[in-house]
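Spelled out from the first residue to the last, the chains are:
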Amino acid sequence: MSSHDLPEWLPAWCLDQFGSPPADVLFHRRSMSAVFGLQLADGTDIVIKARAGDGRAASCVAAQQWLAENGFPCACPRTPVSRVGPLAVHVEEFRAEGEVLPGDTPEVAVRCAEVLARLMAGLADLAVAPPLPNPRWVRWDHADSGLWPAIASLDAKDQELVPGYLTDIAGRARRRLLSAGLPCVLGHADFEAHNLRWLDDRIWVVHDWDSLAWQPEAALVGAASTVFPKLGPARLAPIESTEAFLAAYQDARGRWFTAAEQEVAWAAGLWPVAHDIRWEALHGYTAVSGEAFPVQAAERLHRANA
């Protein structure tokens, strides 16, 4: 993509916000939101994020700003959220360095869990409006009919493609989560390998602050304990790595989960993987974790008391 191929609104918006138009496109990614890495005509490098204006963005950016200003390794927002038609748009600093930490071993799990503990501790004293609705891969608390949250693009597909075992596992996990009655907190709900960058064996930057959620702490940690190795397709960490992640997180936070929180953590770990496998099945893909999921599910559901 060149600067001439940018959305029509973007050059004028940059000129209004920074007094300089885009001169070069450093990168462009599109998933749940559109992300543009740009170099402006004055030589400044910035990252612009544009996503549907569903009311979540302001709280997410406020949390990111809070953490950045208090020393947590994340890109610092450079503008507040503004509306551009149906979009919520903001700019953050460009932090290009760092490498992904691959692997799903207990050692990798511990390193990631310690970062999450630092992140959650940093958000504990921040008061913002809950960024609801939660991201769909942790939206087990939805009020829609049926097991899964209503997502038009998925619901329109042939649901017979979804394996029966997946529906059973996700249903049991969801019932346990909904019965928990634990208080909700603000936390990162997409704590996957591709969103973390490391430099010289230390965490350099955590990305994807659009994916903050309002769920019980143990549930957010449990979800992260299974998806932390994910780089692309659905991924499920080994049980021993989930154990290591949960233990390291609690140790770093300085408190141990109650028995109920332990169960919720194990239940929550199943939901985002089930969501990913369902998505892949509906799109005709073979899930990488598809074989591991039913093999591990019995033990994970047992630990969840589900």
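First things first, this report covers the structure right here in the doc. (Residues numbered from 1 in each chain as written. Predicted model: local features only at pLDDT ≥ 70, side-chain atom pairs only at ≥ 80, totals over all residues. Heavy atoms only, no water.)

1. Describing the packing of helix α7 (residues 239-253) against helix α8 (residues 259-282)
Here comes step 1: Here α7 crosses α8 at 135 degrees, and the two axes come no closer than 12 Å. Between α7 and α8, the interaxial angle falls into the category oblique. The hand of the α7/α8 crossing is right-handed. Across from I239, T242, E243, L246 and Q250 in α7, the residues of α8 making contact are Q262, A265 and W266.
Here comes step 2: Classifying every residue of the contact of α7 with α8 gives 4 nonpolar, 3 polar and 1 charged. (Axes fitted to C-alpha atoms, helices over the stretch in contact; angles between N-to-C directions. Helix = DSSP H or I, 4+ residues; strand = E, 2+ residues; numbered from the N terminus. Parallel < 35°, antiparallel > 145°, perpendicular 65-115°, else oblique. Left-handed = near helix turned anticlockwise from the far one by under 90°. Contact = heavy atoms within 4.5 Å. Nonpolar A, V, L, I, M, F, W, Y, C, P; charged D, E, K, R; others polar.)

2. Things to note about the sheet that holds strand β3 (residues 45-52)
Here comes step 1: Reading across the sheet, the 5 strands line up as β1-β2-β3-β5-β4 and stay open at both edges, with antiparallel pairing between neighbours. Taken across any chain shown, the strands that pair with only one partner, and hence form the sheet edges, are β1 (22-30) and β4 (82-84). Mean inter-strand twist for the sheet, computed between neighbouring axes without regard to direction, equals 30 degrees.
Here comes step 2: Pairing of strand β2 (residues 34-40) with β3, which is carried by 6 bridges, proceeds in the antiparallel orientation. Residue G37 lies in a different strand from β3, and its bridge partner there is V47.
Here comes step 3: Helix α2 (residues 57-69) rests against β3 and β5 (87-93) of the sheet, and its axis sits at about 10 degrees to β5. (Pairing = 2+ DSSP bridges.)

3. A word on the pairing of strand β8 (residues 202-206)
Here comes step 1: Within β8, 4 of the 5 residues are buried, which leaves the element mostly enclosed by the surrounding structure.
Here comes step 2: Taken together, the 4 bridges between strand β7 (residues 196-199) and β8 define a ladder with antiparallel strand orientation. Residue pairing for β8: L196 is matched across the bridge by V206.
Here comes step 3: With antiparallel pairing between neighbouring strands as the criterion, β7 and β8 make up a hairpin whose turn holds 2 residues, including D200 at a positive phi of roughly 55 degrees. (Buried < 20%, exposed > 50% of the residue type's maximum accessible area, 1.4 Å probe, protein only.)

4. What about unusual backbone geometry?
Here comes step 1: The residue after L132, namely P133, is reached through a cis peptide bond having omega 0 degrees.
Here comes step 2: Within the fold, P133 resides in the loop between α3 (106-123) and α4 (152-155).
Here comes step 3: Positive phi values are uncommon outside glycine, yet D200 reaches one of about 55 degrees.
Here comes step 4: Checked against the element boundaries, D200 lands in the loop between β7 and β8.
Here comes step 5: One non-glycine residue, D208, lies in positive phi territory at about 65 degrees.
Here comes step 6: Of note, D208 is situated in the loop between β8 and β9 (212-216).
Here comes step 7: Judged by relative accessible area, D208 falls into the buried class, the value being 16%.

5. Considering the nonpolar core
Here comes step 1: Within the largest apolar cluster, 74 residues are counted, with the highest numbers of intra-cluster contacts made by L119, F191, F245 and F293.
Here comes step 2: Per-element tally for this core: the top contributor is α8, with 11 residues.
Here comes step 3: Excluding its chain neighbours within four sequence positions, the residues that come into contact with L119 are L67, F72, H188, F191, V206 and W209.
Here comes step 4: Judged by nonpolar contacts, the second largest core, of 15 residues, contains L10, C14, L40 and A50. (Core = buried A, V, L, I, M, F, W, Y, C linked by side-chain atoms within 4.5 Å.)

6. Some points on empty space enclosed by the protein
Here comes step 1: Counting across every chain of the model gives 1 cavity of 30 Å³ or more.
Here comes step 2: Estimated volume of the largest cavity: approximately 30 Å³.
Here comes step 3: H188, A189, D190, F191, L220, A223, A224 and V227 together form the lining of the largest cavity.
Here comes step 4: A class-by-class count of the residues in the lining of the largest cavity yields 6 nonpolar, 1 polar and 1 charged. (1 Å grid on protein atoms, 1.4 Å probe; cavity = no way out; pocket = protein on both sides within 12 Å on 5 of 7 lines; lining within 4 Å. Points joined across faces, edges and corners; volume = space filled by probe spheres on them.)

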